[in-house]
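Listed below, chain by chain, are the residues.
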Amino acid sequence: MAPRVRKAVIPAAGLGTRFLPATKATPKEMLPVVDKPAIQYVVEEAASAGLGDVLVVTGRSKRALEDHFDRNHELVTTLRRKGDDRRLASVTAPDALANMHYVRQGDPLGLGHAILCAADHVGSEPFAVLLGDDLIDPRDPLLTTMLDVQERYGGSVVALMEVAEEDIGLYGCASVSSGAGDVRRIVDLVEKPEPGTAPSNLAVIGRYVLAPEIFDVLRATGAGRGGEIQLTDALRTLARGEADGGPVHGVVFNGRRYDTGDRGSYLQAVVRLACERDDLGPDFQEWLRKFVATEL
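Our subject in this report is the structure included herewith. (Residues numbered from 1 in each chain as written. Predicted model: local features only at pLDDT ≥ 70, side-chain atom pairs only at ≥ 80, totals over all residues. Heavy atoms only, no water.)

1. Let's talk about the pattern of salt bridges
A side chain of one charge can pair with a side chain of the opposite charge when the charged atoms of the two come close. Per the counting criterion, the structure on display carries 22 salt bridges. A salt bridge links Asp 148 to Arg 4; its shortest N-O distance comes to 3.2 Å. Taken as a pair, Asp 148 in helix H7 (residues 142-153) and Arg 4 in the segment before strand S1 (7-11) lie far apart in primary sequence, 144 residues in all. By relative accessible area, Arg 4 is classed as partly exposed at 37%. A salt bridge links Glu 286 to Lys 290, with the nearest nitrogen and oxygen atoms 3.5 Å apart. Of this pair, Glu 286 and Lys 290 both sit in helix H11 (residues 281-295), four residues apart, which is roughly one turn of the helix. Overlapping salt bridges bring together Arg 4, Asp 148 and Glu 151 as one network. (Salt bridge = Lys/Arg side-chain N within 4 Å of Asp/Glu carboxyl O. Helix = DSSP H or I, 4+ residues; strand = E, 2+ residues; numbered from the N terminus. Buried < 20%, exposed > 50% of the residue type's maximum accessible area, 1.4 Å probe, protein only.)

Encoded structure:
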């Protein structure tokens, strides 16, 4: 039995160039998905899975992230004076989610390097990594399942999702052996395989539970695709038994995932989540049906 995971790491040092000019002065993680910034959904997911210690790996111009999860005494006082309990609850909720910590990634050397920046904070414990481009619906407790798998088998666990053959080159791709239910033993990984070379249609999506040995492997991992230190390359080393810290298992996810990684998928995520809101959905869906019928 592996020790229970207590800490989560959220890499958030990217420049968000796909969303310029909106992200010139605003972190992409702070772009609203309906009425909450994207990163709040991710921290809520970690907290719901019992991870009360969250480290955000940031970079320059990311101060807004820290401010969002801090207490705004002036705003709280104003809303309390007005008796606006609904908005008061919404602005005090973020700072009560978890114990938030921050560290800067000085150089943009890839996801693997961002995770290395968390080494001192994590120490010798297994930990979770949540990427902000993938929002997982809270009705589908993927992270909780992954934590259970890691506690049972040890090593590391990654989230997998079946994608179309023509799309697998956009992801890390897993080669798996047989497993039980949605859990598979991963025997190899390839980062963004060339067309026709993918070992499966199982794509790695942005949730990981990692053994602490990953730090030693990352330190020994040279620059890979794009000249960056790739987490996929380090996990491949563990999956193939070439370093201590294995095994690596995958959990095949069949639930609701909202991709905010580019402008088109971001807009789709906003529409889908707005449609499912009790307070917004009915009126918004009615308007959407009329819009589609008359404008498209």
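2. With respect to the packing of helix H10 (residues 263-275) against H11
Packed helix pairs are characterised by how far apart their axes lie and by the angle those axes make with each other. Contact pair H10 / H11: the axes reach a minimum separation of 8 Å and the direction vectors enclose 125 degrees. Overall, the two elements H10 and H11 adopt an arrangement that is oblique. Across from Val 271, Ala 274 and Cys 275 in H10, the residues of H11 making contact are Gly 281, Phe 284, Gln 285 and Leu 288. When the residues that make up the contact of H10 with H11 are grouped by side-chain class, the tally is five nonpolar, two polar and no charged. (Axes fitted to C-alpha atoms, helices over the stretch in contact; angles between N-to-C directions. Parallel < 35°, antiparallel > 145°, perpendicular 65-115°, else oblique. Contact = heavy atoms within 4.5 Å. Nonpolar A, V, L, I, M, F, W, Y, C, P; charged D, E, K, R; others polar.)

3. Here we look at a nonpolar patch on the surface
On the surface, a cluster of nonpolar side chains totalling about 430 Å² of accessible area is made up of Trp 287, Phe 291, Val 292 and Leu 296. Its location among the elements puts Val 292 in helix H11. (Patch = residues over 30% accessible without salt bridge, like charges linked within 9 Å, V, L, I, M, F, W, Y side chains within 5 Å. Areas by Shrake-Rupley, 256 points an atom, 1.4 Å probe, with all protein chains shown as cover.)

4. So, the pairing of strand S11 (residues 202-210)
Of all nine residues that make up S11, nine are buried, and the element is covered over most of its length. In terms of strand pairing, strand S6 (residues 127-130) meets S11 through four bridges, oriented antiparallel. Following the sheet pairing, Leu 130 is matched in S11 by Arg 207. Note that strand S9 (residues 172-176) and S11 share two bridges and pair antiparallel. (Pairing = 2+ DSSP bridges.)

5. Some thoughts on unusual backbone geometry
A cis amide bond links Leu 20 to the next residue, Pro 21, at an omega of 5 degrees. Positive phi values are uncommon outside glycine, yet Val 34 reaches one of about 65 degrees. Tracing the backbone shows Val 34 in the loop between strand S2 (32-33) and strand S3 (36-37). For Ser 61, which is not a glycine, the phi torsion comes out positive at approximately 65 degrees.

6. Structural notes on the nonpolar core
Ranked by size, the top nonpolar core spans 43 residues in total, and within it Ile 39, Leu 51, Val 54, Leu 130, Leu 142 and Leu 143 carry the most contacts. The element that contributes the greatest number of residues to this core is helix H1 (residues 38-48), accounting for six residues. For Ile 39, the residues in contact, after removing those within four places along its chain, are Ile 10, Glu 29, Met 30, Val 56, Leu 65 and Phe 69. Within the second largest apolar cluster, 32 residues are counted, among which are Phe 127, Leu 160, Ile 186 and Leu 202. (Core = buried A, V, L, I, M, F, W, Y, C linked by side-chain atoms within 4.5 Å.)

7. Some thoughts on the pairing of strand S4 (residues 53-58)
Of all six residues making up S4, six are buried, and the element is well covered by its neighbours. Looking at chain direction, S4 and strand S5 (residues 99-104) are connected through six bridges and run parallel. By the bridge assignment for S5, Val 56 is matched with Tyr 102.

8. Thoughts on the environment of Ala 198
Take Ala 198: it is sitting in the loop between strand S10 (183-191) and S11. Residues Ala 198 and Glu 165, spaced 33 residues apart in sequence, show a C-alpha to C-alpha distance of 8.4 Å. Not counting the four nearest positions on each side in its chain, Ala 198 is found in contact with Ile 168, Cys 173 and Pro 193.

Everything listed is a geometric property; what it means functionally is a separate question.
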